[in-house]
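Listed below are the residues making up each chain.
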Amino acid sequence: MTTDSPEYHELPSLPTSSLQDVSPHYQTNGPPGKDETEVTPGKDQLLFPVPQSVQHDNAVKRPQSRKLYAIWNSFKLLLLPLVAIAYLTFCYVVHYRIVVLKTNLVDTSVSNLANIKSGVTSISIIIITLGLLPVKSLVSDLKSEEFFRTVNAKPNGVPLTTLDGISTFTFGHTETLLAITKRHSSGYFFTAFVTGLFLIAINTLAPAALSVSTANFDSDIVALAVGAIDRDSIFNASKFAPSLTTSTYDFTTRGANLAWVENQLHIPFSFQADEQYIVPLPIDLSIDTPAKWLSDVVIMKPECTWSAAKLNSSVSNPLRNNSNFVLDLDQGLRLSVDSGLGFTGYADISLVTNMLINQTDLGVPLTGSVVWLLAQCIASNTTDCSNISNEMSLNFTGIPTLDLDVTIFSGKVVKYATAYLLCSPHATIQTREIRNDGKGRLTILDTPITPPQGNLHPAQTYALLTNVLMDLPNTGPLSQFSAMGSESQGNIIFGPQASNVSLPDFGVVTPIAPAPLSNITEGYTRALRSAAKIFMQGAVSKTYVPARLTSSRIIFTSSLPQVIASTIIFVLLLVITFIAQFRKEVPAFTLFSVAAALDRSEIPATFAQVRNLYDVKARLTQEEAVQSFEGTRVVLRKTEDSYGTLHLR
């Protein structure tokens, strides 16, 4: 026969004499020159001795091996539901409850988490593999039975090219899809194909559904030492003339230094919390120790504004008898300053918080607010700014100013335009639960706790917020402009540009504008939090609060979406396995069943003749030899004395 496909060799036509009398006889290997044929022997002409138990039906007794095989089959049927129920139940339990890993076989410390996670995944793969053994055996059986199931179900025969490998492991997914779409297979073959896809999915999803992670477990309640602000620890109000305590002056310098380290050098110190909180810090607790405790915290909503000052000369400051200027600011604050402010240059910046009083009672304000005064010489009929050092100039565009006649160190009276930067923390004090994550990061829970712990005295804490930055202008590296003070102060008011402005060149001064208020507020907040850490870590006082230390332990975890998907696939596999037990029994694709089906068939002789004649002459591969029978079908013809014989059609 010939074919148009270029990949097949052309087969010469077989001589008719070569195929005659091939069926229904077998050709024996007799002496050369002598051919004899024998028909298949009948029941009384057995060629191989058959056990006596098979010849006498009444004497048939199942051997012990068959009993064991039956027990194994029963065990396999129970294996899938048992494993599925146990594994999925455990996954659901660990999702909704905490299950701690307890074993003496391996190191269960958190440092060994990666190895334990790999081990749990490996064990899960082994368990799922064992549980799927019945399903894999079923798929193998269905594919093995497909050869005889297909020829039994197709009276008109099955294409030889399809049937040739349908029950072998070399029959790939592409051939399987072609056989299914062309309806050259049974429904059980499609079931085996779908079940194989389910096996791939469950082998991927189920082991990955279970894993391990870490969780923190609380200890018994202990007393934890934290920083505190007590009565008279910052501002001594019991004296005739209230003033800051000596320790406050000592620690404000340290606080200003710390503000420079954290915000200019970006080196974190001790515990870290969100910017809107100032938190009393543990004194003896290591940063890497997870814990939680109750403590008062300062909750801030900081805001910096340019206050429109109004000159009020009708009142005097009882705390400062030599006051010359009384300025009313926003938020009910009043600034009492001397006419000799100490200005020496064309422009000047001063932190004047110590000159603040309340407008109502003229007492010390307890709002935590601070005020920066920015001044710049302005030319007038009585003022000549050209004789004043002009290393820097301020740009007050869009900023409310107030003109004041100020006596400078030379004794001259000079007119200055002044602006007032008012920064307020808008602080409140509440008791909250604080948690350390074991890395020095503090989390403050939102729910207030009652009754309060009382480790932060409200008035003293507000006094601290007002005065904690008093040494900021003179601490740390100084700015390139003497009027700007320290780099820390310059960066708060002017932003990073304060360190990048070029020095005056031949008397030409570039005006410097303050940073946007949002940036000033952010810089003020960071400096305030950093400087307050010195006091919040027990510098002036400490107290004990209830706390629980936490320890990390390894627990089981599961992914609920993957567990649900695995459950659905397991149920489908159980249904398929159960229904498949009631399928009609057909022979498996074995040497015994195939040889019996070829009894009195022309197929062995035909295939052998093709192989012998054309294996050498045409050098055909087995696939090409099978393709040479394209269009040929295989049918199963049943007779009265046999289960059926395969024939070509």
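Everything quoted here is computed from the prediction, not taken from an experiment.

1. Quick word on the overall build of the chain
Move 1: Within the chain one finds 16 helices and 24 strands.
Move 2: Residue burial in the chain is summarised as follows: out of 649 residues, 43% are buried.
Move 3: Restricting to contacts in the chain with at least 6 residues of sequence separation, those with at least 24 account for 72%.

2. Focus on a nonpolar patch on the surface
Move 1: Together, Val571, Val575, Phe578, Ile579 and Phe582 give the surface a local cluster of nonpolar side chains, amounting to about 530 Å² of exposed area.
Move 2: Tracing the backbone through its elements, the reader meets Val571 in helix 13 (residues 560-580).

3. Details of the packing of helix 8 (residues 187-209) against helix 13
Move 1: Helix 13 packs onto helix 8 with a crossing angle of 145° between their chain directions and a minimal axis gap of 9 Å. Every pair of crossing elements has a handedness; the one defined by helix 8 and helix 13 is left-handed. Listed contacts from helix 13 to Thr191, Thr195, Phe198, Leu199, Ala201, Ile202, Leu205, Ala206, Ala208 and Ala209 of helix 8 are Gln562, Val563, Ala565, Ser566, Ile569, Phe570, Leu572, Leu573 and Ile576.
Move 2: Per-class residue counts for the contact of helix 8 with helix 13 are 15 nonpolar, 4 polar and no charged.

4. Comments concerning unusual backbone geometry
Move 1: With omega at -5°, the peptide bond leading from Thr450 into Pro451 counts as cis.
Move 2: Looking at the secondary structure, you find Pro451 in the loop between strand 20 (442-444) and helix 10 (458-467).
Move 3: In the Ramachandran plot, His266 falls in the positive-phi region, its phi being about 60° despite a non-glycine side chain.
Move 4: As for its placement among the helices and strands, His266 is situated in the loop between helix 9 (246-263) and strand 7 (277-278).

5. Focus on the sheet that holds strand 3 (residues 158-159)
To summarise the sheet geometry, strands pair through backbone hydrogen bonds and adopt either a parallel or an antiparallel arrangement.
Move 1: Pairing in this open sheet of 3 strands is antiparallel, and the strands run 3-23-24 from one edge to the other. The strands lining the two open edges of the sheet, one partner per strand, are strand 3 and strand 24 (645-648).
Move 2: In this sheet, strand 24 lies alongside strand 23 (residues 633-637) in antiparallel orientation, the contact comprising 4 bridges. From the neighbouring strand, Val634 faces strand 24, where its bridge partner is Leu648.
Move 3: Sitting on the sheet, helix 5 (residues 133-153) touches strand 3, strand 23 and strand 24, and the angle it makes with strand 23 is about 80°.

6. Here we look at the state of the cysteines
Move 1: A full pass over the atoms with the stated rule returns 1 disulfide.
Move 2: Two residues share a disulfide in this structure: Cys304 and Cys423, whose sulfurs sit 2.1 Å from each other. Between Cys304 and Cys423, the S-S torsion sits near 115°, and that sign places the bridge as right-handed. Of this pair, Cys304 sits in strand 9 (residues 303-307) while Cys423 sits in strand 18 (residues 413-424); the two residues are 119 residues apart in sequence, bridging distant segments of the chain.
Move 3: Residue classification places Cys304 among the buried positions, given a relative accessible area of 3%.
Move 4: The class of Cys423 is buried, set by a relative accessible area of 0%.

7. Comments concerning the packing of aromatic side chains
Move 1: This model, assessed by the stated rule, comprises 5 aromatic pairs.
Move 2: Pairing Phe147 with Phe148 gives two aromatic rings, centres 5.0 Å apart and planes at 75°, and the pair type is edge-to-face. Accessibility assignment for this pair places Phe147 and Phe148 in one class, buried.
Move 3: Clustering of aromatic rings is evident, with ring pairs tying together Phe147, Phe148 and Phe589.
Move 4: If you follow Arg553 out to its NZ or CZ, it ends over the ring of Phe217, 5.5 Å from the centre.

8. Side note on the nonpolar core
Move 1: With 52 residues, the main nonpolar core has Trp372, Leu374 and Tyr524 as its most contacted residues.
Move 2: Taken together, the elements giving at least two residues each to this core come down to helix 9, strand 9, strand 13 (347-351), strand 15 (370-377), strand 18, helix 10, helix 11 (487-494) and helix 12 (517-539).
Move 3: When residues in this core are grouped by element, the largest group, 9 residues, is from helix 12.
Move 4: Apart from residues no more than four positions distant in its own chain, Trp372 is found in contact with Ile349, Ser350, Leu351, Ala419, Tyr420, Leu421, Cys423, Leu472, Gln489, Ile492, Ile493 and Tyr524.
Move 5: Judged by nonpolar contacts, the second largest core, of 31 residues, contains Ala84, Val120, Phe556 and Phe570.

9. Observations regarding the pattern of salt bridges
Any two side chains of opposite charge can pair, given that their charged atoms come close.
Move 1: All chains considered together, the criterion is met by 9 salt bridges.
Move 2: Note that Arg441 and Asp274 form a salt bridge whose closest N and O atoms lie 2.6 Å from each other. With Arg441 in the loop between strand 19 (428-436) and strand 20 and Asp274 in the loop between helix 9 and strand 7, this residue pair connects regions lying 167 residues apart in the sequence.
Move 3: Arg441 sits in the partly exposed class, given a relative accessible area of 35%.
Move 4: We classify Asp274 as partly exposed; its relative accessible area is 31%.
Move 5: Residue Arg526 pairs with Glu522 through a salt bridge whose shortest N-O separation is 2.9 Å.

10. Focus: the side chain of Thr645
Move 1: Mapped onto the fold, Thr645 is located in strand 24.
Move 2: On the basis of relative accessible area, Thr645 is assigned to the buried category, the value being 5%.
Move 3: A distance of 3.2 Å separates a polar atom in the side chain of Thr645 from the backbone oxygen of Asp599.
Move 4: If we ignore the near neighbours within four places in the chain, the residues touching Thr645 are Ala597, Leu598, Asp599, Arg600, Ser601, Val635, Leu636 and Arg637.

11. A look at the pairing of strand 8 (residues 291-299)
Move 1: Along strand 8, 8 of the 9 residues are buried, which leaves the element largely enclosed by surrounding structure.
Move 2: Examined bridge by bridge, strand 7 and strand 8 share 2 bridges and lie antiparallel to one another. Note on strand 8: the bridge partner recorded for Ile278 is Val298.
Move 3: Where strand 8 lies against strand 22 (residues 542-558), 3 bridges are found, and the strand directions are antiparallel.

Conventions and cut-offs
Residues numbered from 1 in each chain as written. Predicted model: local features only at pLDDT ≥ 70, side-chain atom pairs only at ≥ 80, totals over all residues. Heavy atoms only, no water. Helix = DSSP H or I, 4+ residues; strand = E, 2+ residues; numbered from the N terminus. Buried < 20%, exposed > 50% of the residue type's maximum accessible area, 1.4 Å probe, protein only. Contact = heavy atoms within 4.5 Å. Patch = residues over 30% accessible without salt bridge, like charges linked within 9 Å, V, L, I, M, F, W, Y side chains within 5 Å. Areas by Shrake-Rupley, 256 points an atom, 1.4 Å probe, with all protein chains shown as cover. Salt bridge = Lys/Arg side-chain N within 4 Å of Asp/Glu carboxyl O. Axes fitted to C-alpha atoms, helices over the stretch in contact; angles between N-to-C directions. Left-handed = near helix turned anticlockwise from the far one by under 90°. Nonpolar A, V, L, I, M, F, W, Y, C, P; charged D, E, K, R; others polar. Pairing = 2+ DSSP bridges. Disulfide = S-S within 2.5 Å. Phe/Tyr/Trp six-rings, centres within 6.5 Å; stacked < 30°, edge-to-face > 60°. Lys NZ or Arg CZ within 6 Å of the ring centre and 35° of its normal. Core = buried A, V, L, I, M, F, W, Y, C linked by side-chain atoms within 4.5 Å. Polar contact = N/O pair within 3.5 Å; in protein donor to acceptor, adjacent residues only side chain to side chain.

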